[in-house]
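Tertiary structure, described
Below, each chain spelled out in residue letters.
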Amino acid sequence: MIPSPSFQELFNDDEFIGLDTSVGNMAEPSNIYFAPSRHTRFPRIEIHLVDLLFQVLQTPEKRKRLQSLKGQEALSISGFLHWVLLQASSLVPGKLHKHALIAQYRLCRTAALFPECYFFRDALPALDEPIAEGGFSDIFKVHHREKALCLKAVRVYGLSSADNVLKSIAKEAILWSYLRHPNIVPFWGIYYPKGTSGRRRRICLVSPWMENGNLVYFLRENPDASPAPFIHDVAKGLAYLHDKRIIHGDLKGVNVLINDAGEACLTDFGLSSVRVETTIAYTNGVMSEAQGCTYRWLAPELSESMLGASRRTEASDVWAFGLVCYEIVTRKLPYHELNECQVLREVISGRLPTQPQQSSSDDSALTMIFEQTWELIKVCLEQKPDRRPKSRWIVEKLEKQGLVRCRQKGKPRSSTFPIIHDSQINWAQVESILSGLTGMHTGSI
């Protein structure tokens, strides 16, 4: 068993001098209410602690003190906040849930730690050759307890990148850790490989290995697969995120994986953010070249403001969804006949991708899918963001049209392996900390 490391154990102390703990353009909680249903069946202590948390989060001074906790107190509260984020709305209403997420991120950044339950404690095989390499991370496939794991290993080179990497890892891990949906790739924890000393260190995000690969690869290998189920899957995953006020920010075919049951699941939340009122939490939400944006899926309002004036929104996600639909139907890249510079010019000018042409076929059902999908694509690719549909409307529209995934009876979903577990919370310590922050005396549990 490997003990849970803090950020300081991942890097030497010198690399933490001057760690920026500001959050940037983060909206402050306002008008949040806590009123659990009288029918809610939770232990009294849990309701009491959520009420104390509410009192802390609604006051700027108390909230700042919570986000400035250190050591064991910070670890206990981060575990409690993780538990809060997993609870149903019957105990934790939406706005409180949202601001608990913000508090979790700020606390983890300031205290330089993660909840203990995030850490994958078992030793894994050495990371040798990556399956894939990117600009900032490598993808490894390892086996553990007869299951294949995917490790997204984020590289850190010395002082200059440590701060940015920690911010990115904290944001992606915290957002991903509380997402629970059949069309979202599960988060299984954080792993710190031993022996990654020197200039090239790694922190790994762990998830199940998807043997079927990404959506683009799967459709290329299965040319006769109907497009409707995959469009429905992606729409449901996106609607789930938007219901939680989460912006994906980097939706495209290669960021959709196919699980063992053949269902599409969204992944890669490194550019995701949380919408709070009219601002973006966690990051400043602006576009920049350093964020690795991809022109082919980029909404025109973002394409016109590559230097940072625009923010990712639900509407820009819907634009990207329309182009993922295009990938599914055509098996081609959006604007596949153009290079990157030409794509940017065409998007800004308002030109749609080339309309997909169905191959010669007498299948009237397939013809209808092509026609209905193209109409959906055109609606999603409206130039003005406020004219694009909401993702939940898209799901309902698809279901009315019958463009859905029909699950086979008895066919199980992709196997689960819940490595990340609920925190073993020290309720007494949490109550003591929260009571101290609210100025109340600790009572008996």
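These lines cover the structure that appears in this document, whether it is placed above or below. These figures come from a predicted structure and were not determined experimentally.

**Thoughts on helix α14 (residues 427-438)**
With 12 residues, α14 ought to run about 16 Å at 1.5 Å a step, and its terminal C-alpha atoms sit 16 Å apart, in line with that. Those residues of α14 that fall on the buried side of the exposure criterion are Val-430, Glu-431, Ile-433, Leu-434, Ser-435, Leu-437 and Thr-438. Residues of α14 that are buried sit in contact with α2 (44-57), α3 (60-67) and α4 (71-85). Taken from the residues just after α14, Gly-439 is the one with a positive phi, measuring 80 degrees.

**Looking at the nonpolar core**
Phe-321 and Leu-434 are the most contacted members of the largest nonpolar core, which has 106 residues in total. A total of 10 residues in this core trace back to one element, the largest contributor, which is helix α10 (residues 314-330). Not counting the four nearest positions on each side in its chain, Leu-434 is found in contact with Leu-49, Leu-52, Leu-53, Val-56, Leu-66, Ile-77 and Phe-80. Counting 12 residues, the second-largest nonpolar core is a separate cluster that includes Leu-127, Phe-140, Trp-188 and Cys-204.

**With respect to the environment of Ser-226**
Along the polypeptide, Ser-226 turns up in the loop between α7 (215-221) and α8 (227-243). Take Ser-226: its relative accessible area is 32%, and that puts it in the partly exposed class. Along the backbone, Ser-226 and Ile-328 are 102 residues apart, and their C-alpha atoms lie at a distance of 9.0 Å.

**Concerning the packing of aromatic side chains**
For the structure on display, the rule yields 10 aromatic pairs. Between Trp-83 and Trp-427, the ring centres sit 5.3 Å apart and the planes meet at 90 degrees, which makes this aromatic pair edge-to-face. Residue Trp-83 is found in helix α4, and its partner Trp-427 is found in helix α14; the two are separated by 344 residues along the sequence. A centroid spacing of 5.8 Å and a plane angle of 25 degrees characterise the contact between Phe-114 and Tyr-118, whose relative ring orientation is stacked. Across the pair, exposure class does not vary: Phe-114 and Tyr-118 are buried alike. Taken together, the aromatic side chains of Phe-114, Tyr-118, Phe-119, Trp-176, Phe-187 and Phe-269 make up a single cluster linked through ring pairs. A cation over a ring is seen here: Lys-252 above Trp-297, with NZ or CZ 5.8 Å from the ring centre. The side chain of Arg-405 reaches across the aromatic face of Phe-230, ending 5.1 Å from its centre.

**Some details on α2**
Across its 14 residues, α2 extends 20 Å between first and last C-alpha, which sits within 8% of the 20 Å expected from 1.5 Å per residue. Within the sequence span of α2, burial applies to Ile-45, Glu-46, Leu-49, Val-50, Leu-52, Leu-53, Phe-54, Val-56 and Leu-57. In this structure, the buried residues of α2 make contact with α3, α4, α5 (94-111) and α14.

**Quick word on the packing of α2 against α14**
For the pair α2 and α14, interaxial distance at closest approach is 9 Å and the crossing angle is 30 degrees. In terms of axis orientation, α2 runs roughly parallel to α14. In this structure, α2 meets α14 at a crossing whose hand is left-handed. Side by side, α2 and α14 meet where Ile-45, Glu-46, His-48, Leu-49, Leu-52, Leu-53, Gln-55 and Val-56 of the first sit next to Trp-427, Val-430, Glu-431, Leu-434, Ser-435, Leu-437 and Thr-438 of the second. Class assignment for the residues of the contact of α2 with α14 results in 9 nonpolar, 4 polar and 2 charged.

Cut-offs applied
Residues numbered from 1 in each chain as written. Predicted model: local features only at pLDDT ≥ 70, side-chain atom pairs only at ≥ 80, totals over all residues. Heavy atoms only, no water. Helix = DSSP H or I, 4+ residues; strand = E, 2+ residues; numbered from the N terminus. Expected span 1.5 Å × (residues − 1). Buried < 20%, exposed > 50% of the residue type's maximum accessible area, 1.4 Å probe, protein only. Contact = heavy atoms within 4.5 Å. Core = buried A, V, L, I, M, F, W, Y, C linked by side-chain atoms within 4.5 Å. Phe/Tyr/Trp six-rings, centres within 6.5 Å; stacked < 30°, edge-to-face > 60°. Lys NZ or Arg CZ within 6 Å of the ring centre and 35° of its normal. Axes fitted to C-alpha atoms, helices over the stretch in contact; angles between N-to-C directions. Parallel < 35°, antiparallel > 145°, perpendicular 65-115°, else oblique. Left-handed = near helix turned anticlockwise from the far one by under 90°. Nonpolar A, V, L, I, M, F, W, Y, C, P; charged D, E, K, R; others polar.

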